Amino acid sequence: MGTPSPWGMLVLAAALVGLSAAQATHRQPNFIVILADDVGWGDLGANWAETKETPHLDELAAEGTRFVDFHSAASTCSPSRASLLTGRLGARNGVTHNFAVTSVGGLPLNETTLAEVLREAGYSTGAIGKWHLGHHGRHHPSFRGFDYYFGIPYSHDMGCTDTPGYNLPPCPPCPRHGTAARVARKDCYTEVALPLFENVTIVQQPVNLSSLAARYAEEAARFIQRASDSGRPFFLYLALAHMHVPLGVPPPPPASGRGIYGASLREMDALVGQIKRVADSHGKGSTLLWFAGDNGPWAQKCELAGRLGPFVGAWQRQRGGSSAKQTTWEGGHRVPALAYWPGHVPAKRTSHALLSTLDVFPTLVALAGATLPPNRRFDGLDVSPVLFGWSDVGHKVLLHPNSGAAGKDGEIEALRLAQYKAFYTTGGAMACDGSIGPAERHQPPLIFNLDRDIQEQEPLEVASREYQAVLPAVSRAYAQALEDIATDNVSVADYSKDPAATPCCDARHVACRCQAPGTRAAVPDRGAEGGATRLCL
C-alpha cells in the first residue's frame, strides 16, 4: 500500500471506516469524474446567486453534496490533470507545467494512473475529452489505462479549426489552399489543425468545435451502454472543453445577460445534465458522479472568463495582475465541486471540508476495494467519510504549487493550514488589462486568515499575537512538506519537443487536413512526403 503524507494520518482512521463500508458493498460502484476547464467558483449557481445558467448543476447540488472549500491541485491544465489521475502533486509526479503540441513526453510512464488501478480491479475505463498529459508514443491515453479514448490531445486553442469560435484575441480559421493563406497571429496556432482522436486514430482534423459537446455526450452514452452490457463496473473520465476558450457556441439572444460566456456555460450545464440522466437510466444509485474544475478562470480573456465569486485576491489585484488561473491565490485553485450518488452521498448537503482533486484518486481506489500503488507517497486522501456525510474533516494542510504566475513551476511556495493561507511567493498572472503582477518573495511569509478575509485583502500583521501564534505551525508544516517530497520516489517528466510528435493525419495537406472532409476515420500517415513525418504514435 502507498505511504500517505504525514498529515494524511490525521484522517486515516475515518478513511479506513469509509473503506470498510465500501468493501461491504455487494457490487463495485461505477464512477464518472467530470472535469470542467477554466471554470470559476462563481460559475455555479448554487455557489453564487448571480449565476443563472446552471440549472442542471444546481439540481446536482440539491440532490447531492456541494463542496465549498474544494481546490484543484494546480492552477493550470497539465499539472492539475496529472495530479487528479495520480493523487500526487507535480513536485512528485513530475508534471509541473503544460505540455506542447510538439511535446515528446508526458506524464512519466512510471507514474500509475487511476485508470490503471481501476482496470486492474475489473473496471471498464474510458476517457472522453481533453487529455493534455502527452500524446506521443506510450503517453497517449490508450496506453495509460484507458480501454477507450475519444477526444483532443491538448487544449482546444492549440490548433486551428474551420469553426474558430470566440477568443480574445480572435484567431483565424485553418488555411485551406497553400501557405499563402497562413496568417501569423500571436497566441494563435495556424500551422496545424486541431485533431480529434478515437483511441489512437485521428478521426477528424480539424475538429468541428460547434459539434464537439454533442459528440462528447454521444460517446459518453455509448461508453456507459457498452460497459453496462458487459456487466463490468465502469470508470468514465470526462474532461470537458468548457469553459476554456475558444467558446464555440452560436451568438446568444441579446437578453441572455452574460453573452457568449453565459451561453457556453449553459451548454456545459446541459451536457452535465445529460450525462446524469444517462447514468441514472442504468441504475440510479449505482454510479458516483463527481464534478469539479481543473483550475480557476483565465482572467486575461476578459468577458470570456468565468466568475471568481468572492475569491478576488484583493492584495494581488492592488499590485497588478490577475489572481485567478496560474496563480496560488484562491481564485486560481478554489473550484466548484459536487458529488452525486443517490443512497450514498447525502442530498442537500454543503460540506466545508478542505478537499482537493488530489483526493479523487485515493477515494475511488478505496471505494472500488482496490489498493494504492506501492513505493510512493500520495498527497490526496480517501475522503469517502466526507462523501458519505459521516465527517466534515479533510486536509489539515494543503499545498499549492506555483503554476506559472510566479516562482519556479511546480515548487511549493503557498500552503493552507486550517483557516490560514501562507505565501512564501506571490505574483499575478496576466489580467484583462494586460497587467502582470510582479513576483515577490516573502520571508517571513504573508499569512491570511481566510475565515475573516476570504478576499485575501489584508495579511496578518507580523507583530500581531495571531501571526506569532500561527507562524511556528506554518513553518513546521512547510518544512515537513518539503522534506516529505524530497525523500519520496519522485518522477521527472520529459518536456523536450520535436515537430515529428505533432499529431497529423496527412502531412501532405495544408494544416494536416484529413484527405476527405467529413470522413469518419483517417489513419495517421506514416510516410508523408518531405521532411519530418508528423504523427501521434
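Residues numbered from 1 in each chain as written. Predicted model: local features only at pLDDT ≥ 70, side-chain atom pairs only at ≥ 80, totals over all residues. Heavy atoms only, no water.

Considering the confidence of the model for the chain
Applied cut-off: Residue-level confidence of the predictor, termed pLDDT, takes values from 0 up to 100. Contacts were defined at the residue level, with two residues in contact if any of their heavy atoms lie within 4.5 Å.
Across the chain, the average pLDDT comes to 91, with 88% of residues at 70 or higher. In this model, residues 1–25 is a region of pLDDT below 50 whose contacts with residues beyond four sequence positions or in other chains number 45 contacts. Within the model, pLDDT remains below 50 along residues 516–537, and this stretch shows 61 contacts once partners closer than five positions in the same chain are excluded.

Quick look at the state of the cysteines
Our working rule: Cysteine sulfur pairs qualify as disulfides if the two atoms are within 2.5 Å. Numbering of helices and strands runs from the N terminus; a helix is a DSSP stretch of H or I covering at least four residues, while a strand is a stretch of E covering at least two. When accessible area is computed with a 1.4 Å probe and restricted to protein chains, residues below 20% of their type maximum are described as buried, those above 50% as exposed, and intermediate ones as partly exposed.
The final tally for this structure, using the stated rule, is 5 disulfides. Put simply, Cys171 and Cys188 are joined by a disulfide, and their sulfur atoms are 2.0 Å apart. Its S-S torsion of about -85° marks the bond between Cys171 and Cys188 as left-handed, since a negative value means left-handed. Residue Cys171 is located in the loop between strand E6 (148–151) and strand E7 (196–198), and its partner Cys188 is located in the loop between E6 and E7; the two are separated by 17 residues in the primary sequence. On the basis of relative accessibility, which here comes to 13%, the residue Cys188 falls in the buried class. Bridging Cys504 to Cys512, the disulfide has an S-S length of 2.0 Å. In this structure the cystine formed by Cys504 and Cys512 twists about its S-S bond by roughly -100°; its chirality is therefore left-handed. Judged by its relative accessible area of 0%, Cys504 is buried. The class for Cys512 is buried, based on a relative accessible area of 3%. Counting only the cysteines that form disulfides, in the order they appear in the chain, gives the pairing 1-3, 2-4, 5-6, 7-9, 8-10.

Concerning the sheet that holds strand E15 (residues 397–401)
Put simply, the rule is: DSSP calls a pair of strands paired once it identifies at least 2 bridges connecting them. Lines fitted to the C-alpha atoms define the axes, with helices restricted to the stretch that makes contact. Angles between their N-to-C directions range from 0 to 180 degrees.
Taken together, the 4 strands give an open sheet; going across it, the order is E15-E16-E17-E18, and neighbouring strands pair in antiparallel fashion. The two strands at the open ends of the sheet, each matched to only one other strand, are E15 and strand E18 (440–449). Averaged over all neighbouring strand pairs, the angle between strand axes comes to 20°, with direction disregarded. In the sheet, strand E16 (residues 412–417) pairs with strand E17 (residues 420–426) via 4 bridges, with the strands oriented antiparallel. Looking across to E17, one finds that Arg416 is bridged to Lys421.

Focus on the pattern of salt bridges
Here is the rule we go by: Salt bridges, as used here, are contacts in which a Lys or Arg side-chain nitrogen is within 4 Å of a carboxyl oxygen on Asp or Glu.
Taken as a whole and assessed by the stated rule, the structure comprises 29 salt bridges. Notably, a salt bridge pairs Asp294 with Arg81, separated by 2.9 Å at the nearest N-O pair. Taken together, the residues span a long stretch of sequence, with Asp294 in the loop between strand E10 (287–293) and helix H8 (314–317) and Arg81 in helix H3 (residues 77–86) at a distance of 213 residues. The same class applies to Asp294 as to Arg81, namely buried.

Some remarks on the side chain of Arg92
For clarity, the threshold we go by: By the criterion applied in these results, polar contacts are pairs of N or O atoms within 3.5 Å in which, for protein atoms, one can donate a hydrogen and the other can accept it, and in which residues neighboring in sequence qualify only through two side-chain atoms.
Along the polypeptide, Arg92 turns up in helix H4 (residues 90–93). Using a relative accessible area of 0% as the deciding quantity, one classes Arg92 as buried. Polar contacts involving the side chain of Arg92 include one to the side chain of Asp484, which spans 2.6 Å.

With respect to the pairing of E16
Of all 6 residues that make up E16, 6 are buried, and the element is covered over most of its length. With 5 bridges connecting them, E15 and E16 associate as antiparallel partners. What sits directly across from Val397, in E16, is Leu417. Taking the residues that link successive antiparallel strands as the turn, the E16-E17 hairpin has 2 residues, and the phi of Ala418 there is positive, at about 55°.

Thoughts on the environment of Ala337
Mapped onto the fold, Ala337 is located in strand E11 (residues 337–340). If near-sequence neighbours (up to four positions away) are discounted, Ala337 is found in contact with Thr65, Arg66, Phe67, Phe70, Phe291 and Ala292.

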